[in-house]
Amino acid sequence: MLLRNIFLKFLTASSLFSLSFSLSIPEQNQHEKGTLVERQTGARAVFAHFMVGIVAAYDQSHWEADCRAAKAIGIDAFALNIGKDDYNDKQLGFAYAAGEVTGFKMFISFDFVYWNSGDSATIASYLRTYGNKAAAYKYNNAVFVSTFIGDNAVDWNSIGSQAGLTLYACPNWQPGSLGNVQCGFSWDAWPSSNNQPINSNKTTATDVAYKNTGKPYMMPVSPWFYTHYGADTYNKNWIFYSDWLWNTRWDQVLSVGPQFVEIITWNDFGESHYIGPLHPDLPQVYAPNGQDNGAKKWVADMPHDGWQDVAKPYITAFKNGASAPTVSTEEIVYYYRTSPKSAACNDAVGRPTGADFDADEVFATVLVTATSNVVITSGSNTVTRTVSSGIHTVSGPMGVGTQSFQVQRNGVNVLSGTSPKQITSTCQNSAQPYNAYVGTIKSNGGTTPPTGGTATIIFNVVATTVFGENIFLTGSIAELSSWDPWTAVGPLTNPHYPTWTVTVTVPANTAIQYK
């Protein structure tokens with residue numbers, strides 16, 4: 001990657017911009033080349049599980065937006081969960097093309113709810129088609145591949161031979177089944193016993209079992225799990241205890257120290273463990289065929305984007321081998337269910353299994369640089385909790401009405417804001433209230449809504465380069481990688497060389513520095 005600190009620019013985003021500047025780039029030196037190779041070979045990496053089966057309505061621009069958002073917090077690749085949908089090739093084509101445009105990677109995760117031992121030739125064909133794409137994620141020069149379940153269903157060495165590829169197989173197999181694969185992946189990201197909800201926080205017992213195999217381990221991390229389908233669709237209705245899960249699980253990642261982390265998930269709306277953006281323009285991603293009895297009842301207007309801000313410093317710490325995250329920007333990430341458990345719901349599916357374990361509480365994960373008081377006001381209830389510097393989650397009793405949050409030091413509000421979503425005594429959208437609403441309050445003051453106005457900026461740069469060099473863009477906001485050159489936007493495209501270009505969507509009315 002080539003990123004030169006030639007100019008520092010400043011703008012305020014308010015509409016559609018086209019920006020141009022010029023630079024001449026000297027040849028890379030050997031130290032820069034060596035550093036990049038080291039980062040691409042054997043380094044720790046973070047992925048996000050992406051459900052391809054629900055995005056039949058996506059075009060490439062949707063993929064590009066998801067790639068840029070994931071890259072901005074340090075995610076390296078999407079694990080593309082596929083079954084046997086007839087639009088697989090169309091969407092995989094969009095995905096790998098978007099990855100190439102944005103400098104983001106992809107690998108396929110075969111879902112063995114649909115695949116079986118007789119599908120080896122078809123699986124090899126998929127890997128042959130996509131494993132050599134520019135956006136294909138490789139580890140130690142081998143094409144990365146994974147699964148959901150499917151213990152020993154296929155021989156990955158044989159599939160690699162059929163595909164003409166060297167594979168790095170990291171399937172979701174049990175610890176005792178990993179003898180002929182390179183790596184093990186666990187799906188056990190929530191507190192459970194025999195796949196049933198329990199009234200307990202998540203432990204690292206499963207993670208330790210995988211680590212003890214001596215194989216590289218891909219550790220699962222998830223913020224939530226609530227699903228509410230009746231017998232007329234998928235017939236699954238439960239919530240795994242998730243009140244403290246997101247913050248706690250990332251602390252466990254730093255303690256366990258796996259080779260890889262997989263976030264479950266970027267976009268599984270039906271199970272409520274998404275951290276990617278909502279799609280009010282594509283409601284069909286929330287439900288089978290856009291039906292009203294699908295997940296949009298408990299997903300619409302319930303953003304989870306704020307959880308990305310908690311993940312970002314943990315991802316940096318994980319990749320650096322640190323024992324704790326470093327907070328550079330103070331923030332409150334709050335989350336809560338939008339009705340108490342006693343709310344009256346006109347819902348034929350009924351209360352989910354595990355509902356009794358969830359507390360009627362309002363939660364705030366705070367990212368602070370010094371010892372602070374955290375004030376949570378939920379309806380008529382107000383509590384104050386004291387935290388040290390770092391990232392901590394605290395809670396207060398749920399109350400119907402307005403939800404407000406402050407971080408105070410020396411009697412002064414450092415952060416303060418009110419959520420746009422009130423807690424009500426009745427169920428919203430006639431659905432049981434067990435999904436989480438997530439919002440943020442950032443250090444520039446006020447509440448940052450999970451969704452809002454944006455501006456589209458077209459960056460153009462005239463640059464003379466040598467073969468193999470690329471141009472990247474970084475800047476002062478998350479959408480421009482927050483000055484992190486390793487997650488910078490790009491590479492820029494050059495259809496009219498020597499002009500390089502990239503289009504980025506950023507928050508409207510926001511001051512931006514870039515280079």
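Residues numbered from 1 in each chain as written. Predicted model: local features only at pLDDT ≥ 70, side-chain atom pairs only at ≥ 80, totals over all residues. Heavy atoms only, no water.

(A) Structural detail: the layout of surface pockets. One number sums up the size of the second largest pocket: a volume of about 1300 Å³. The residue inventory of the lining of the second largest pocket, partitioned by class, reads 26 nonpolar, 17 polar and seven charged. (1 Å grid on protein atoms, 1.4 Å probe; cavity = no way out; pocket = protein on both sides within 12 Å on 5 of 7 lines; lining within 4 Å. Points joined across faces, edges and corners; volume = space filled by probe spheres on them. Nonpolar A, V, L, I, M, F, W, Y, C, P; charged D, E, K, R; others polar.)

(B) The arrangement of the confidence of the model for the protein chain in detail. Looking at the protein chain as a whole, its pLDDT mean stands at 87, while 86% of the residues score no less than 70. Confidence drops under pLDDT 50 across residues 1–18; counting only partners more than four residues distant or on other chains, this segment forms 71 contacts. (pLDDT = per-residue confidence, 0-100. Contact = heavy atoms within 4.5 Å.)

(C) Structural context of the nonpolar core. Ranked by internal contacts, the top residues of the largest apolar core, which has 107 residues, are Phe78, Phe110 and Trp156. Among the elements that line this core, the one with the most residues is helix H9 (residues 307–320), at seven residues. Apart from the residues lying within four places of it in its own chain, the contact partners of Phe110 are Ile82, Trp115, Ile123, Tyr126, Leu127, Val145, Ser146, Thr147, Phe148 and Trp156. Core analysis: the second largest hydrophobic core is formed by 23 residues, Ala79, Phe107, Cys170 and Trp190 among them. (Core = buried A, V, L, I, M, F, W, Y, C linked by side-chain atoms within 4.5 Å. Buried < 20%, exposed > 50% of the residue type's maximum accessible area, 1.4 Å probe, protein only. Helix = DSSP H or I, 4+ residues; strand = E, 2+ residues; numbered from the N terminus.)

(D) Structural context of the packing of aromatic side chains. Tallying each qualifying case throughout the model produces 50 aromatic pairs. Ring geometry for Phe47 and Phe144: centres 5.3 Å apart, planes at 55°, overall tilted. With a gap of 97 residues between them, Phe47 in strand S3 (residues 45–51) and Phe144 in strand S7 (residues 142–148) connect regions that are remote in the sequence. For the pair Phe47 and Phe144, a shared accessibility class is recorded, and that class is buried. The interplanar angle of 65° and the centroid separation of 4.8 Å between the aromatic rings of Phe148 and Trp187 together place this pair among those described as edge-to-face. Taken together, the positions of Phe148 in strand S7 and Trp187 in the loop between strand S9 (184–185) and strand S10 (192–193) put the pair 39 residues apart, joining distant regions of the chain. (Phe/Tyr/Trp six-rings, centres within 6.5 Å; stacked < 30°, edge-to-face > 60°.)

(E) Examining the state of the cysteines more closely. As enumerated under the stated definition, the model contains two disulfides in all. With a sulfur-sulfur separation of 2.1 Å, Cys170 is cross-linked through a disulfide to Cys183. Pair noted here: Cys170 is in strand S8 (residues 167–170) and Cys183 is in the loop between S8 and S9, with a separation of 13 residues, a long-range link. You can call Cys183 buried: its relative accessible area is 0%. Paired by a disulfide, Cys345 and Cys427 hold their sulfur atoms 1.6 Å apart. Placement of Cys345 in the loop between strand S16 (331–336) and strand S17 (361–368) and of Cys427 in the loop between strand S22 (412–418) and strand S23 (437–442) is noted, with a sequence separation of 82 residues between them. Sequential numbering of the bridged cysteines in the protein chain gives the disulfide pattern 1-2, 3-4. (Disulfide = S-S within 2.5 Å.)

(F) Here's a closer look at the side chain of Ser419. Structurally, Ser419 can be placed in the loop between S22 and S23. Residue classification places Ser419 among the buried positions, given a relative accessible area of 6%. Within the structure, Ser419 has its side chain in polar contact with the side chain of Tyr334 (distance 3.5 Å). Here the side chain of Ser419 touches Tyr336 through a polar contact of 2.7 Å, side chain to side chain. (Polar contact = N/O pair within 3.5 Å; in protein donor to acceptor, adjacent residues only side chain to side chain.)

(G) Quick peek at helix H2 (residues 60–72). Helix length check: H2 (13 residues) gives 18 Å between terminal C-alpha atoms against 18 Å at 1.5 Å per residue, within 8%. Of the residues making up H2, those classed as buried are His62, Trp63, Glu64, Asp66, Cys67, Arg68, Ala70, Lys71 and Ala72. Positive phi shows up at Gly74, right after H2, with a value of about 100°. (Expected span 1.5 Å × (residues − 1).)

(H) The pattern of salt bridges, seen in detail. In this structure the tally under the stated criterion is twelve salt bridges. Across the pair Arg337 and Asp360 runs a salt bridge, and its minimum N-O distance is 2.7 Å. A residue pair is termed long-range when its members are at least 10 positions apart, and Arg337 in the loop between S16 and S17 and Asp360 in the loop between S16 and S17 qualify at 23 residues. Here the salt bridges share partners, and the residues they tie into one network are Arg337, Asp358 and Asp360. (Salt bridge = Lys/Arg side-chain N within 4 Å of Asp/Glu carboxyl O.)

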